Amino acid sequence: MADPLPTAVGLESRRAPSRVCRLRGLPYSASEDEIGGFFSDFTVDEVYICRRNGRATGEAYVMFTDAAQADSAMEKCNKKYLGSRYIEMFEAAEADLAAVKKVLEDTQLQGCVVRLRGLPYAATAEDVAAFFEGVRLADGDDAIVFTTTVDGRPTGECYVELADKDAQAAAMMRHKEVMGARYIEVFHSSKMDKLQAQQQRLSMPPPMTGR
């Protein structure tokens, strides 16, 4: 989507064919070999387990030998079980994997991000920017990223990236202030969490249209 104020751009556009998939719901103890074994019918070039502060997040990226393999793996393995865990698969891109590695492996790229909870479901980027009036947001078109359910409905949450640590501290001071009739909770977050929210939006199917 494209808004005049900072928000995610291009989230509704479709990706080009990619050989990368994102996995969610993995056992925290899952190893690269176990994840590779989950795709034993396919040729896997790389398994990257997402870890924060040394701990697995339950997500990973898998790079197959080509886009056709990734597509077939999605069809066969999405929503199957690895051990006792139900694994969800999403389309991703090699650029996504590179960005995730950069954020997770460089502590300087944790970013200055907060998460808002309790938003009115109709809240817009303009509403969020107004809530943080006087607080400098990060430059760019994706400073505000709303989260949605798997069927595209708003969750009442969003991520906001701030310009610097001072701006983040100022944003945290807005905790439990009001937007409309709702008290808004503000929590510390990370650039990684915001990136994952963007990728979830990218992996959603396009909205249904009438014939």
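Residues numbered from 1 in each chain as written. Predicted model: local features only at pLDDT ≥ 70, side-chain atom pairs only at ≥ 80, totals over all residues. Heavy atoms only, no water.

### Topic: the sheet that holds strand E2 (residues 44-52)
Part 1: One open sheet accounts for four strands, arranged E2-E3-E1-E6; its pairing is antiparallel. At either end of the open sheet lies a strand with only one pairing partner, and these are E2 and strand E6 (88-91). Ignoring strand direction, the axes of neighbouring strands in this sheet form an average angle of 25 degrees.
Part 2: The sheet contact formed by strand E1 (residues 20-24) and E6 spans four bridges and is antiparallel. Bridge pairing links Leu23 to Met89 in E6.
Part 3: Most of the contacts of helix H2 (residues 67-77) go to E6, to which it runs at about 150 degrees, and overall it touches E1, strand E3 (55-64) and E6. (Pairing = 2+ DSSP bridges. Helix = DSSP H or I, 4+ residues; strand = E, 2+ residues; numbered from the N terminus. Axes fitted to C-alpha atoms, helices over the stretch in contact; angles between N-to-C directions. Contact = heavy atoms within 4.5 Å.)

### Concerning the sheet that holds strand E11 (residues 182-189)
Part 1: Taken together, the five strands give an open sheet; going across it, the order is E8-E9-E7-E11-E10, and neighbouring strands pair in antiparallel fashion. Edge positions in the sheet fall to strand E8 (144-148) and strand E10 (177-179), since each of these pairs with one other strand and no more. With direction set aside, neighbouring strand axes in the sheet form an average angle of 35 degrees.
Part 2: Along the sheet, helix H5 (residues 165-172) makes contact with strand E7 (113-117) and E11, crossing E11 at roughly 145 degrees.

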